[in-house]
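If you want the building blocks of each chain, they are given just below.
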Amino acid sequence: MAGELKLVKPVGASPHVTCYDASGTVEVADKAGRFAVGDAVLTRLFGPAPGVESKTPWFRGSMAEFCVARAENCVKKPSNVSFEEAASVPLAGMTAYQALKGVQAGQSVFISGGAGGVGSLAIQLAKHVFKAGRVVTTASAGAKTELCKSLGADEVVDYTSEKFEEKLQRDFDLCFDCTAESTKMIKIVKKGGKIRSISGSPTLEAIRGAGGDSCILGLVLKKSAARAEFIETAAVGATWDYFFLSPSGDDLQALADALQAGHVKPVVDGVWDFASDDDEKGWRGAFSKQFSGRAKGKCVVKMI
C-alpha cells in the first residue's frame, strides 16, 4: 500500500488495483470448461501464466467489481460458506496450508499470532487437517485467547504477560512464525525440527522465488545461509527458512474441501462496504483495522 514493493518487483499497471483474494460468480467461462457462467468460485490472483506477456492490467488486483483470474487458480465455492467468508480464505489459507505441509499426525506445532488472518487458519489446519497432537499459539488474553481455543489450540500463551520462549519446552516439531519472532523460537524447536517464517525481512532466495527481479535485491537482502536465524537454528540441530506461498490449484481445492467438511471455518473480523462514503464503514475502515494488528482473522470488503 505504501508503494515499497516496487523496489523489489516493479508494478507495470497504473492505477494499481490492490488485494489478491476474491470470491464471486463467473461471468466468462474458461475454454477448458472447468467453470460455467454463474458458478460461484473463490480464487487467489497470481497474474498471467509464467512466460505470458500481458498489455492489460487485469492481473493487478481483486478490489474491483470485475477481475480476471486464471482458471487453474480458481475452485468452486463450498456451499456452506458465504461469498464474504470464501473471499477471506485463499491467500491466508494457502500460506498456512503450504507452510504446514510435512506435519505428521501426533506432532507438536507452535504458531505465533494465532488470532490473525494466517494464524487463525493455521491452528485449524494443524489440528483438524494435519492432525497435530499438540497445537500451541500466542494471543492476548480475553476474546482472542478464547477464539484460538475454539479453533483448536491446546494452549494459548498470553504474549502481553508471558514469554513463550521461557514458558515452553524444547519440544516442537514445527514453529510457524507469523510475527517475526523466529529467533525466540530457537529455544523451543526440537532437534531435527523446523522453523518456518512468513514475517519480517524475507531472504534473497524467497523474494527471487516469488518473482522479484530487481537489481538492488542483493544489496538489501541476505541469502538464507547468511541470516542469523538460519545460523542459530542450525546450531541447535534444526532448520529455518523464509516462506512465500506458490500457485497451486490442488492446495486451494484442499482448502475448499476442508471448508466444505467443516474442518476449517473462516474467521472474519467484519465486512466493509466499498461504496460507503463513511471512512469507517468503507474500504478505508477495512484496511485500518487489518493493519492495526487488532483484527481477529480477516477483514473483507464487499464490492457490490
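Residues numbered from 1 in each chain as written. Predicted model: local features only at pLDDT ≥ 70, side-chain atom pairs only at ≥ 80, totals over all residues. Heavy atoms only, no water.

Draft legend 1. Highlighting the sheet that holds strand S2 (residues 40-44). On the basis of which strands lie adjacent, the open sheet formed by three strands has the order S1-S2-S3 and antiparallel pairing. Strands at the two margins of the open sheet, each flanked by one partner only, are strand S1 (21-25) and strand S3 (74-76). With direction set aside, neighbouring strand axes in the sheet form an average angle of 25°. Helix H2 (residues 90-100) contacts S1 and S2 of the sheet and is inclined by roughly 60° relative to S2. Sheet contacts for helix H10 (residues 249-261): S2 and S3; angle to S3, the most-contacted strand, approximately 25°. (Pairing = 2+ DSSP bridges. Helix = DSSP H or I, 4+ residues; strand = E, 2+ residues; numbered from the N terminus. Axes fitted to C-alpha atoms, helices over the stretch in contact; angles between N-to-C directions. Contact = heavy atoms within 4.5 Å.)

Draft legend 2. A look at the side chain of Asp177. Relative to the assigned elements, Asp177 resides in strand S7 (residues 172-177). Buried Asp177, no salt bridge; nearest opposite-charge side chain is Arg227, N-O distance 8.0 Å. Here the side chain of Asp177 touches Glu181 through a polar contact of 2.9 Å, landing on its backbone nitrogen. Among residues more than four places away in sequence, those in contact with Asp177 are Ser112, Ser182, Met185, Arg196, Ser197, Ile198 and Ser199. (Buried < 20%, exposed > 50% of the residue type's maximum accessible area, 1.4 Å probe, protein only. Lys, Arg positive; Asp, Glu negative; His and termini not counted. Salt bridge = Lys/Arg side-chain N within 4 Å of Asp/Glu carboxyl O. Polar contact = N/O pair within 3.5 Å; in protein donor to acceptor, adjacent residues only side chain to side chain.)

Draft legend 3. Representation of unusual backbone geometry in the model. A positive phi angle, near 80°, is found at Cys19, a position not held by glycine. One non-glycine residue, Lys131, lies in positive phi territory at about 60°. Within the secondary structure, Lys131 is located in the loop between helix H3 (117-129) and strand S5 (134-139).

Draft legend 4. Broad picture of the state of the cysteines. Evaluation of the coordinates by the stated rule reveals zero disulfides. Free of any disulfide, Cys67 has its nearest cysteine sulfur in Cys74, 8.2 Å distant. (Disulfide = S-S within 2.5 Å.)

Draft legend 5. Molecular detail of helix H4 (residues 143-151). Among the residues of H4, Lys144, Thr145, Leu147, Cys148 and Leu151 are the ones counted as buried. Viewed end-on, H4 has its buried residues packed into an arc of 160°, placing them on one side of the element. What points out from H4, more than 90 degrees from its buried face, is the exposed set Ala143, Glu146 and Ser150. Gly152 occupies a position one or two residues after H4 and carries a positive phi of about 130°. (Arc of directions from axis to C-beta.)

Draft legend 6. A look at the pairing of S2. Taking burial as the measure, the five residues of S2 include four buried ones, the bulk of the element. Inspection of the sheet shows S2 paired to S3 by three bridges, in the antiparallel sense. The residue bridging Val41 from the neighbouring strand is Lys76, located in S3.

Draft legend 7. Here's a closer look at the pattern of salt bridges. This model, assessed by the stated rule, comprises 16 salt bridges. Taking the shortest distance from any N to any O, the salt bridge between Glu229 and Arg227 comes out at 3.0 Å. The exposure class of Glu229 is buried, given its relative accessible area of 17%. Residue Asp279 pairs with Arg284 through a salt bridge whose shortest N-O separation is 3.7 Å.

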